[in-house]
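Chain by chain, the residues run as shown.
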Amino acid sequence: MPRDTTSETVTPTGESRLALVRRARKMYRELSELHPDAHAELNFTTPLELLVATILSAQCTDKRVNQTTPALFARYPDAEAYASARREELEEMIRPTGFFRAKTNNLIGLGQELCERHGGEVPGNLADLVKLPGVGRKTANVLLGNAFDVPGITVDTHFGRLARRFGWTNETDPVRVEHAVGALFPKRDWTMLSHRVVWHGRRVCHARKPACGACVLAPLCPSFGEGPTDEATATKLLKMRSFA
């Protein structure tokens, strides 16, 4: 029989595959203790609201989206309302989120597609979601994980950056990152893994200057030293607050 070489596979950091899996899962346990309440920071009450909010969040902060959506959701409570929306009115309501003309096209198209093909309801599977206007794989995984309890890994800029810093993958394409990281963890952990990595990226492991000296992952992170390693200096970089 062929010899099992799983533990001998070379990984981005040069450690064995088995060592990478063990290290990645230990990092996740540390993240779970540090960010036990991690969750989607977009406010919503229904799958449609989350889908709309996620579309609006492209090139926009969650905080700005959350400031915009209460009035939007009240004015457009269902798919039919988006399908029949007056373009000028919808554009004006979502203008603060940026790229409002393209987003308006997506929201009107989304409403029409949901009404014509899905009885006005948001589908709960990846294949149908990615066919909707304005919905890519990242948006679909956000929706599946948070509105339908279907495990998924959401690869945004924070997640991709940290996955590479952590030595979990060298991939830069979001789909490849999703598959590479997903292979390291049980499927049941994927949604919360996404939340906790993103929270860590926003609060501790910043793009330009990560707070290495104040990071609980420091002993496990191959990128330790990219930011200040002095604890006092690093602590000043922490942003342990809500971004909603």
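Report on the accompanying structure. (Residues numbered from 1 in each chain as written. Predicted model: local features only at pLDDT ≥ 70, side-chain atom pairs only at ≥ 80, totals over all residues. Heavy atoms only, no water.)

## Observations regarding the side chain of Arg 196
Test applied: Helix and strand definitions here come from DSSP, where helices need a minimum of 4 consecutive H or I residues and strands a minimum of 2 consecutive E residues; each element is numbered from the N-terminal end. Type-normalised accessible area, obtained with a 1.4 Å probe on protein chains alone, sets the label of each residue: buried when under 20%, exposed when over 50%, and partly exposed for intermediate values. The positive count covers Lys and Arg only, the negative count covers Asp and Glu only, and His and the chain ends enter neither. What counts as a salt bridge is simple: a side-chain nitrogen of Lys or Arg found within 4 Å of a carboxyl oxygen of Asp or Glu. Whenever a nitrogen or oxygen atom comes within 3.5 Å of another N or O atom, the pair is scored as a polar contact, on the condition that within protein one atom can donate a hydrogen and the other can accept it, and that pairs from neighbouring residues in sequence are kept only if both atoms are in side chains. Between two residues, a contact is recorded if the distance between any of their heavy atoms is within 4.5 Å.
With respect to the helices and strands, the residue Arg 196 is situated in helix α11 (residues 190–203). At 6.8 Å, Asp 189 is the nearest oppositely charged side chain to Arg 196, a buried residue that forms no salt bridge. One polar contact links Arg 196 to Ser 32, side chain to side chain, over a distance of 3.2 Å. Ignoring any residue separated from it by four or fewer positions in sequence, one finds Arg 196 in contact with Tyr 28, Leu 31, Ser 32, His 35, Pro 36 and Ala 38.

## A short note on helix α2 (residues 47–56)
Residue pairs spaced three or four apart in an α-helix point in one direction, given the helix's 3.6 residues per turn. Here α2 lies mainly inside the structure; nine of its 10 residues are buried. Taken together, the buried positions of α2 are occupied by Leu 48, Glu 49, Leu 50, Leu 51, Val 52, Ala 53, Thr 54, Ile 55 and Leu 56. Contacts from the buried residues of α2 go to α3 (62–75), α4 (79–83), α5 (87–94), α6 (100–117) and α8 (137–147).

## Some details on empty space enclosed by the protein
Using the following cut-off: Buriedness for pockets is judged along seven lines, at least five of which must meet protein on both sides within 12 Å for an open set on the 1 Å grid over protein atoms alone, while cavities are sets there where a 1.4 Å probe fits but cannot get out, and lining residues have an atom within 4 Å of a point. Grid points are joined across faces, edges and corners, and a volume is the space filled by probe spheres set on the points.
Tallied over the entire structure, the rule returns one cavity of 30 Å³ or more. Space inside the largest cavity adds up to approximately 110 Å³. Cys 205, Pro 210, Cys 212, Cys 215 and Cys 221 are the residues nearest the centre of the largest cavity, which is lined by 13 residues in total.

## Examining a positive patch on the surface
Inclusion rule: Here, patches come from residues exposed beyond 30% relative accessible area and free of salt bridges, joined within 9 Å for like charges and within 5 Å for nonpolar side chains (Val, Leu, Ile, Met, Phe, Trp, Tyr). Per-residue and other accessible areas follow the Shrake-Rupley method at a 1.4 Å probe size, with only the shown protein chains counted as cover for residues. Working definition for charges: the position is that of NZ of Lys, CZ of Arg, CG of Asp or CD of Glu.
Taken together, the side chains of Arg 25, Lys 26, Arg 29 and Arg 188 make up a positively charged region of the molecular surface. Relative to the helices and strands, Arg 25 is located in helix α1 (residues 17–34). What makes Arg 25 partly exposed here is its relative accessible area of 33%.

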